Amino acid sequence: MKKMTTQEIEERLDQLDGWDYTDNGIQTTFEFANFKETFSIMTRIAFECEAQNHHPEWSNVYKTLTIRLSTHDAGGVTEKDFKLAATIENIIESE
């Protein structure tokens, strides 16, 4: 998969609320009501990551979830990252 240019990334980020391009990846942070809700969302996202065979760098502290996407074998952001970001947004919005 082809690595996107900074301009392509910035244009696509206009379609994702709260995501930023930093350190060769796209990143966002979500905050939920509590740890249980956060972990539940992470579990749903994990199943989608497996289905897409694309896995995020993420961290969770209590009710905060930070997600960073980058296609490592392409050396940066690709269409796979935006596809997974859109899926994550759909999961969050459906809650």
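About the criteria used
- Residues numbered from 1 in each chain as written.
- Predicted model: local features only at pLDDT ≥ 70, side-chain atom pairs only at ≥ 80, totals over all residues.
- Heavy atoms only, no water.
- Core = buried A, V, L, I, M, F, W, Y, C linked by side-chain atoms within 4.5 Å.
- Buried < 20%, exposed > 50% of the residue type's maximum accessible area, 1.4 Å probe, protein only.
- Helix = DSSP H or I, 4+ residues; strand = E, 2+ residues; numbered from the N terminus.
- Contact = heavy atoms within 4.5 Å.
- Pairing = 2+ DSSP bridges.
- Axes fitted to C-alpha atoms, helices over the stretch in contact; angles between N-to-C directions.
- Expected span 1.5 Å × (residues − 1).

### Here's the deal with the nonpolar core
Grouped burial of nonpolar side chains is what soluble globular proteins tend to show. Trp19, Ile26, Ile45, Ile67, Leu69, Phe82 and Ile88 are the most contacted members of the largest nonpolar core, which has 22 residues in total. When contributions to this core are tallied by element, the ones reaching two or more residues are helix H1 (6–13), strand E2 (25–31), helix H2 (35–52), strand E4 (64–69) and helix H3 (79–93). Ranked by residue count, the leading element in this core is H3, at six residues. Excluding residues that lie within four positions of it along the chain, isoleucine 26 makes contacts with Ile9, Leu13, Trp19, Asp20, Tyr21, Ile67, Arg68, Leu69, Val77, Asp81, Phe82 and Ala85.

### Remarks on unusual backbone geometry
For aspartate 23, which is not glycine, the phi torsion reads 50 degrees and is therefore positive. Structurally, aspartate 23 is set in the loop between strand E1 (20–22) and E2. Among the residues examined, aspartate 23 registers a relative accessible area of 66% and is labelled exposed.

### Considering the sheet that holds E4
Strand order in the open sheet formed by four strands is E1-E2-E4-E3, and the pairing between neighbours is antiparallel. Each edge of the sheet is formed by a strand with only one pairing partner; in this case those strands are E1 and strand E3 (57–61). On average, each strand axis in the sheet is inclined to that of its neighbour by 25 degrees, with strand direction left out of account. Those strands touched by H1 are E1 and E2, and its axis lies near 155 degrees from that of E1. In the packing of H3 onto the sheet, the strands contacted are E2 and E4, and the crossing angle to E2 comes to about 10 degrees.

### Considerations on H3
Relative to the 21 Å expected for 15 residues at 1.5 Å per residue, H3 spans 21 Å between its end C-alpha atoms, a close match to the ideal helical length. Along H3, the positions that sit buried rather than exposed are Asp81, Phe82, Leu84, Ala85, Thr87, Ile88, Glu89, Ile91 and Ile92. In this structure, the buried side of H3 is in contact with H1, E2, H2 and E4.

### Here's the deal with the pairing of E4
Relative to E4, E2 runs antiparallel, the two sharing six bridges. Bridge assignment links threonine 28 to a residue of E4, and that residue is isoleucine 67. Of the pairings in the sheet, the one linking E3 to E4 comprises five bridges and is antiparallel in character. What sits directly across from tryptophan 58, in E4, is isoleucine 67.

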